[in-house]
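Residues per chain are reported as follows:
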Amino acid sequence: MNATGFGAANGKIILMGEHAVVYGEPAIALPFSAVQLSAEVTASQAWQIDSVYHQGLLADAPHHLENIKQLVQELAAAWHLTPLTIKITSTIPPERGMGSSAATAVAVTRALADAVGHALTTTELQKWVAIAEKIAHGNPSGIDAAATSGLNPIYFIKGEPLTAFPMNLSHGILVVADTGIKGQTRGAVKDVAHLFETTKKATAQAITTLGHLAKASREAILADDLDALGATMDQAQTLLKQLTVSNQSLDELVATAKVQGALGAKLTGGGRGGCMIALAPDQQTADKIQQALATKAAATWQFNLGGDTHEG
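Cut-offs and rules
Residues numbered from 1 in each chain as written. Predicted model: local features only at pLDDT ≥ 70, side-chain atom pairs only at ≥ 80, totals over all residues. Heavy atoms only, no water. Helix = DSSP H or I, 4+ residues; strand = E, 2+ residues; numbered from the N terminus. Rg over C-alpha atoms; globule rule 2.2 N^0.38 Å. Buried < 20%, exposed > 50% of the residue type's maximum accessible area, 1.4 Å probe, protein only. Contact = heavy atoms within 4.5 Å. Areas by Shrake-Rupley, 256 points an atom, 1.4 Å probe, with all protein chains shown as cover. Lys, Arg positive; Asp, Glu negative; His and termini not counted. Charge placed at Lys NZ, Arg CZ, Asp CG, Glu CD. Phe/Tyr/Trp six-rings, centres within 6.5 Å; stacked < 30°, edge-to-face > 60°. Lys NZ or Arg CZ within 6 Å of the ring centre and 35° of its normal.

**Q** Quick question: what am I supposed to make of the overall build of the chain here?
**A** Each helix and strand in the chain was counted, giving 9 helices and 12 strands. Whereas a compact globule of 312 residues would reach a radius of gyration of roughly 20 Å, the chain reaches 20 Å, a difference of no more than 12%. The principal-axis extent of the C-alpha atoms belonging to the chain is close to 55 × 45 × 35 Å. Counting the 312 residues in the chain, one finds 52% classified as buried. Sequence-distant contacts, at least 24 apart, represent 72% of the contacts inside the chain between residues at least 6 apart. Of the accessible surface of the chain, which amounts to about 13,500 Å², a share of 52% is contributed by carbon and sulfur atoms. Counting 21 positive and 27 negative side-chain charges, the chain places the averaged centre of each group 7 Å from the other.

As structure tokens, this is what we get:
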């Protein structure tokens, strides 16, 4: 066993399919490398963790780190690990729908594998991460684990295998803005379910259309059609507002992005807070959008769909 090990993961963004995915429609998630998380392990006298959430013995970690505690215990038993200190460094904002918990599990697993010289397969990594995600989320879809550990967009339908497809866009920049409000996924999902009871026909139509838009988004990406992708984003936002999962903060950020030339803009994730995304055709427009959003948002990022990223 080596004295040290290192592992990393990126964040994730839901491009299309929020809420509709609950009802069997497809969703698309993107690996989002503008925010990242790393885990570094070093030899220690006892298992310890060094993070913004807890510093000290892993055994004394608070309840919200139970997923990582259990994961480490199982990995230690499987790989006959001696005690290590796990240092976690992250720029992924928690509770914003960016896959923070899955990214932590991915990076920790990779770091421990690196420490013992174990070559992880993708399937094996997903298996280990699922252990932590089941504790964190109860019944995880696997989409966060796949998106935070991979390089390509993920197409996902509930109950079916995840499929990756190539990011075939030759240009385009995604601008992401954080409302500064924790996402309210649980409440939003419950309210959409209530809409199914009170306005079933209109709600079912909205969900079905969101599914069609997710399919159209994948086709637009594969066809390198940025305008078509932006149009599906705008249509999706209109439907998500109809489903009551947007809010004033998100609506204001979306409107701001559109005024500055976004091809499309929408909330991402569960809604009622969290983040929104805007699609820019070029760097100049992306900078204009980001500057305007930065005056209203807690944080902003750019994600070049063909290359580098940076935070604003």
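**Q** What should I look at first to understand the packing of aromatic side chains in this one?
**A** Each aromatic ring pair is summarised here by two numbers: the centre-to-centre distance and the angle between the ring planes. All told, the structure shown has 4 aromatic pairs when counted by the stated rule. When the centroid spacing of 4.7 Å and the interplanar angle of 45° are considered together, the rings of Tyr23 and Phe196 count as tilted. Highlighted residues: Tyr23 in the loop between β1 (4-16) and β2 (27-43) and Phe196 in helix α5 (residues 185-198), separated in sequence by 173 residues. Measuring from ring centre to ring centre gives 5.9 Å for Trp79 and Trp128, while their planes differ by 70°; the resulting arrangement is edge-to-face. Within this pair, whereas Trp79 is found in helix α1 (residues 66-79), its partner Trp128 is found in helix α3 (residues 122-137), the two being separated by 49 residues in sequence. Assigned by exposure class, Trp79 and Trp128 land together as buried. Through a chain of ring-to-ring contacts, three or more aromatic side chains come together here, namely Phe32, Trp301 and Phe303. Sitting over the face of the ring of Trp128, Lys127 holds its NZ or CZ atom 4.4 Å from the ring centroid.

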